[in-house]
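What follows is the residue order along each chain.
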Amino acid sequence: MIGLTGPGGVGKTTLVLQHIKKNLNPAETLYVTAEDFYFADNRMIDLAGDFVKRGGKYLFIDEIHKYKDWAKELKLIYDYHPELNVVFTGSSVLDIKKGASDLSRRALMYNMQGLSFREYLQLFH
């Protein structure tokens, strides 16, 4: 399980979508955003279970911090479906850090930083 954190607009979603497009089989991959209305009536653990039953191998969950009890459900997904590769992203640093402490043995966490003004100038001017 991999977690990507960082401020909004830093490129987490773009990185994930580019990785899926360039490296993964679409039949084995599912990308969802936790902001989706689907999660108003459905649980993430149930989605993961159905996805695995259909041959799913890679689950990407964007904006995870917008889902209630996300850390608890990610733990359950990890425990019930160890064969499933899960990547999640989140912008809310306080919520992610709190939840990540619960996932410390299960998830590798990466923090994406934005460019400094000097780095921006070096890249684009």
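Look up: the structure comes first, before these words.
Structural notes, computed from the coordinates. Note that the structure is predicted; figures quoted are calculated from it, not measured. (Residues numbered from 1 in each chain as written. Predicted model: local features only at pLDDT ≥ 70, side-chain atom pairs only at ≥ 80, totals over all residues. Heavy atoms only, no water.)

Side chains three or four residues apart in an α-helix point the same way, a direct result of the helix having 3.6 residues per turn. For helix α1 (residues 12-23), which comprises 12 residues, the first-to-last C-alpha distance of 16 Å matches the rise-based estimate of 16 Å (1.5 Å per residue) to within 8%. For α1, the set of buried residues is Lys 12, Val 16 and Ile 20. Looking straight down α1, one finds that the buried residues subtend no more than 65 degrees of arc, so they occupy a single side. Opposite the buried face of α1, at more than 90 degrees from it, the exposed residues are Lys 21 and Lys 22. Summarising the contacts, the buried residues of α1 are in contact with β1 (2-5), β2 (29-33), β3 (58-62) and β4 (85-90). (Helix = DSSP H or I, 4+ residues; strand = E, 2+ residues; numbered from the N terminus. Expected span 1.5 Å × (residues − 1). Buried < 20%, exposed > 50% of the residue type's maximum accessible area, 1.4 Å probe, protein only. Arc of directions from axis to C-beta. Contact = heavy atoms within 4.5 Å.)

Turning our attention to the pairing of β4. In terms of burial, β4 is largely enclosed, as five of its six residues are buried. Of the pairings in the sheet, the one linking β1 to β4 comprises four bridges and is parallel in character. Bridge assignment links Thr 5 to a residue of β4, and that residue is Gly 90. Pairing of β3 with β4, which is carried by four bridges, proceeds in the parallel orientation. Note on β4: the bridge partner recorded for Leu 59 is Val 86. (Pairing = 2+ DSSP bridges.)

Now for the pattern of salt bridges. Considering all chains together, one arrives at three salt bridges under this definition. The partner of Glu 28 in a salt bridge is Lys 57, and the shortest N-O contact between them spans 3.3 Å. In this pair, Glu 28 is assigned in the loop between α1 and β2 and Lys 57 in the loop between α3 (44-53) and β3, connecting sequence segments 29 residues apart. (Salt bridge = Lys/Arg side-chain N within 4 Å of Asp/Glu carboxyl O.)

All right, on to the packing of aromatic side chains then. Counting across every chain of the model gives four aromatic pairs. Between Phe 39 and Tyr 67, the ring centres sit 5.5 Å apart and the planes meet at 80 degrees, which makes this aromatic pair edge-to-face. One end of the pair, Phe 39, is in helix α2 (residues 38-41); the other, Tyr 67, is in the loop between β3 and α4 (70-80), and 28 residues separate them in sequence. Take Tyr 67: its relative accessible area is 8%, and that puts it in the buried class. A centroid spacing of 5.9 Å and a plane angle of 45 degrees characterise the contact between Trp 70 and Phe 88, whose relative ring orientation is tilted. Of the two residues, Trp 70 is situated in helix α4 and Phe 88 in strand β4; the sequence distance between them amounts to 18 residues. You'll find Trp 70 and Phe 88 in the same group, each marked buried. (Phe/Tyr/Trp six-rings, centres within 6.5 Å; stacked < 30°, edge-to-face > 60°.)

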